[in-house]
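Residue-level structure breakdown
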Amino acid sequence: MMKSFFPLIVLIVSVPFESPNDQGMKDPKPVAIFDGRTFEGWEGDLKIFRIEDGAIVSGSLKDKIARNEFLCTRRTYGDFELRLKVKLLGGDAANAGIQFRTKRIPNNYEVSGYQADVGIGWWGALYDESRRNKVLTGPDQAKMKDVVRNGEWNDYVIRAEGKHIQLWVNGVQTVDYIEQDPNIETSGVVCPQIHAGPPSEAWYKDITIADLTR
């Protein structure tokens, strides 16, 4: 008895991991929100913030930073992907961050909202500034020593969609957070920060936003 044999073909479908670069290819084109020359579209204390070599520079390596200072966009943003490069100078105690979905506090130098943290022991963490006043979530800081380029430029990505907040530092995801509090704002301004403390400088450049509002 003759038997016919049909080869069994198994099709294996692989679903690739989506990096922020892969995801970004599907999003609207990013738009520069800092032109590298002027503070058009921004507001803050220009005694603290200046422009050097196409970057926003905050603080000083000569004088102590008396209080937290923020340079904020005049425009508010809701769902977006923010990309920028960050460099922090001033030693282990230097600290800074990028506020987003943030509000200015009336008659106060402070702001209230999410902060993507910058600084040794803080890199890549999600902090809640002048609201819950705590780290909401963040990476193992011991592992961040192998991720962060101290004293050099670091790539930071902040992605906010509805209640979903994600952060990446140098291509490594550090935060994947879902906001549970229905009263937390889902829009606001973006503010590079320099934290009160010893003489230090935070540099920010190549700042772009892709509007993810559907």
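So, here is what we can say about the structure in this document. All figures in this text were calculated on a predicted structure; none of them were measured in a lab.

Reading the values: rules and limits
- Residues numbered from 1 in each chain as written.
- Predicted model: local features only at pLDDT ≥ 70, side-chain atom pairs only at ≥ 80, totals over all residues.
- Heavy atoms only, no water.
- Helix = DSSP H or I, 4+ residues; strand = E, 2+ residues; numbered from the N terminus.
- Buried < 20%, exposed > 50% of the residue type's maximum accessible area, 1.4 Å probe, protein only.
- Areas by Shrake-Rupley, 256 points an atom, 1.4 Å probe, with all protein chains shown as cover.
- Polar contact = N/O pair within 3.5 Å; in protein donor to acceptor, adjacent residues only side chain to side chain.
- Contact = heavy atoms within 4.5 Å.
- Pairing = 2+ DSSP bridges.
- Phe/Tyr/Trp six-rings, centres within 6.5 Å; stacked < 30°, edge-to-face > 60°.
- Lys NZ or Arg CZ within 6 Å of the ring centre and 35° of its normal.
- Disulfide = S-S within 2.5 Å.

**A word on the overall build of the protein chain**
Across its full length, the protein chain carries two helices and 16 strands. In the protein chain, buried positions account for 45% of the 214 residues. When the accessible surface of the protein chain is split by element, carbon and sulfur atoms take 53% of a total near 11900 Å².

**Concerning the side chain of Asn 95**
Turning to its location among the elements, Asn 95 is positioned in the loop between β7 (80–89) and β8 (96–104). The exposure class of Asn 95 is buried, given its relative accessible area of 11%. A polar atom in the side chain of Asn 95 sits 3.4 Å from the backbone oxygen of Val 118. Leave out the neighbours within four places in its chain, and Asn 95 touches Leu 88, Asp 117, Val 118, Gly 119, Trp 122, Gln 193, Ile 194 and His 195.

**Re the sheet that holds strand β11 (residues 134–137)**
Taken in spatial order, the six strands line up as β5-β15-β8-β9-β10-β11 in an open sheet, and their pairing is antiparallel. With partners counted over all chains shown, the strands left at the sheet margins are β5 (69–70) and β11, one partner each. For β8 and strand β15 (residues 189–194), the ladder comprises five bridges, and the chain directions are antiparallel. Across the sheet, Ile 98 pairs through a bridge with Pro 192, a residue of β15.

**What to know about the side chain of Glu 201**
Within the secondary structure, Glu 201 sits in strand β16 (residues 200–211). One polar contact links Glu 201 to Arg 50, side chain to side chain, over a distance of 2.7 Å. Of the polar contacts made by the side chain of Glu 201, one reaches the side chain of Trp 203; its length is 3.0 Å. Discounting chain neighbours no more than four positions away, the residues touching Glu 201 are Arg 50, Val 57, Ser 58, Gly 59, Ser 60, Leu 61, Lys 87, Leu 88, Leu 89 and Ile 194.

**Notes on the packing of aromatic side chains**
In the structure shown here, the tally under the stated rule is six aromatic pairs. Both rings, one in Phe 100 and one in Tyr 114, keep their centres 5.4 Å apart while their planes meet at 25°; by these two values the pair is stacked. Of the two residues, Phe 100 is situated in strand β8 and Tyr 114 in strand β9 (residues 111–118); the sequence distance between them amounts to 14 residues. Like Phe 100, the residue Tyr 114 is buried in the burial classification. Cluster of aromatic residues (ring-pair linked, three or more members): Tyr 77, Phe 80, Phe 100 and Tyr 114. In this structure, Lys 87 packs its charged tip against the face of Trp 203, placed 4.7 Å from the ring centre. Just above the ring of Tyr 114 sits the side chain of Arg 131; from NZ or CZ to the centre is 5.1 Å.

**Examining the pairing of β16**
Taken across its twelve residues, β16 has ten buried, putting it largely inside the fold. The pairing of strand β1 (residues 31–32) with β16 spans two bridges and is classified as antiparallel. Across the sheet, Ala 32 pairs through a bridge with Thr 208, a residue of β16. Note that strand β4 (residues 55–60) and β16 share five bridges and pair antiparallel. Residue pairing across strands places Ser 60 opposite Ser 200, the latter belonging to β16. Sheet topology note: the β7/β16 ladder contains nine bridges and is antiparallel. Paired with Lys 87 across the bridge in β16 is Trp 203.

**Considerations on the state of the cysteines**
One pass over the full model with this rule turns up one disulfide. Shown here is the disulfide that connects Cys 72 with Cys 191, its sulfur atoms set 2.1 Å apart. Of note, the bridge from Cys 72 to Cys 191 carries an S-S torsion of about 105° and is right-handed in sense. You can see Cys 72 sitting in strand β6 (residues 72–73) and its partner Cys 191 sitting in strand β15, a full 119 residues away along the chain. The class of Cys 72 is buried, set by a relative accessible area of 1%.

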